Amino acid sequence: MRINLKFTNKGQVAIENFNNDELIEIFSRYINTLTKKYAVDATVPAETNQNIAVDGSLKIILENVNCDVDTFFKELGRDIKIPLKKRLDGKLDNVFKTEVIK
């Protein structure tokens, strides 16, 4: 299953403070932590995420999904605010919206 995380306006402003490799690292780390709690295998492929800030989205691959995907990404959205807020002045609401591709 392919998922696009489309960044909101505030999410877009927040990710512009990071380079592409940092974003892949941050999202991969937080996703890997959540996969210990949820029954799903998730990867953030670097080859399909070459320019996250310009694209305005992050592509994720899910396999062996045995959990509620919406709940997984809702929790990821809450967790991912922590590192993003460190380089952003002000409040950070929803960072992204989940779009299921297939």
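Residues numbered from 1 in each chain as written. Predicted model: local features only at pLDDT ≥ 70, side-chain atom pairs only at ≥ 80, totals over all residues. Heavy atoms only, no water.

(A) Geometry of the pairing of strand β3 (residues 57–63). Pairing of strand β1 (residues 2–7) with β3 involves five bridges; the strand directions are antiparallel. Of the residues in β3, the one forming a bridge with L5 is L58. Relative to β3, strand β2 (residues 41–43) runs antiparallel, the two being bridged by three bridges. Residue D41 lies in a different strand from β3, and its bridge partner there is E63. (Pairing = 2+ DSSP bridges. Helix = DSSP H or I, 4+ residues; strand = E, 2+ residues; numbered from the N terminus.)

(B) Spatial organisation of the nonpolar core. Core analysis: the largest hydrophobic core is formed by 30 residues, its most contacted members being L5, F27, I60, F73, L84 and F96. Taken together, the elements giving at least two residues each to this core come down to β1, α1 (9–15), α2 (20–35), β3 and α4 (69–85). Not counting residues within four places of it along the chain, the set of residues in contact with F73 comprises I3, L5, I60, L62, F96 and T98. (Core = buried A, V, L, I, M, F, W, Y, C linked by side-chain atoms within 4.5 Å. Buried < 20%, exposed > 50% of the residue type's maximum accessible area, 1.4 Å probe, protein only. Contact = heavy atoms within 4.5 Å.)

(C) Layout of α4. With 17 residues, α4 should reach 24 Å at 1.5 Å per residue; the first-to-last C-alpha distance of 24 Å fits that figure. Those residues of α4 lying buried are V69, F72, F73, E75, L76, G77, I80, P83 and L84. Turning to α4, the residues buried within the fold contact β1, α1, α2, β3 and β4 (96–100). (Expected span 1.5 Å × (residues − 1).)

(D) Expanded view of the environment of D55. By the secondary structure assignment, D55 is in helix α3 (residues 52–55). Of the residues examined, D55 reaches a relative accessible area of 43% and is grouped as partly exposed.

(E) Structural detail: the pairing of β1. Here β1 runs beside β4; their pairing, made up of five bridges, is antiparallel. Bridging from a neighbouring strand, K6 pairs with K97 of β4.

(F) Inspection of the pattern of salt bridges at higher detail. Considering all chains together, one arrives at four salt bridges under this definition. The residue R87 makes a salt bridge to E22 at a minimum N-O spacing of 3.0 Å. Of the two residues, R87 is situated in the loop between α4 and β4 and E22 in helix α2; the sequence distance between them amounts to 65 residues. For E22, a relative accessible area of 27% corresponds to the partly exposed category. Across the salt bridge formed by D55 and K59, the nearest N and O atoms sit 3.8 Å from each other. (Salt bridge = Lys/Arg side-chain N within 4 Å of Asp/Glu carboxyl O.)

(G) Structural context of the environment of N20. With respect to the helices, strands and loops of the structure, N20 is situated in helix α2. Excluding its chain neighbours within four sequence positions, the residues that come into contact with N20 are N49, Q50, N51 and I52.

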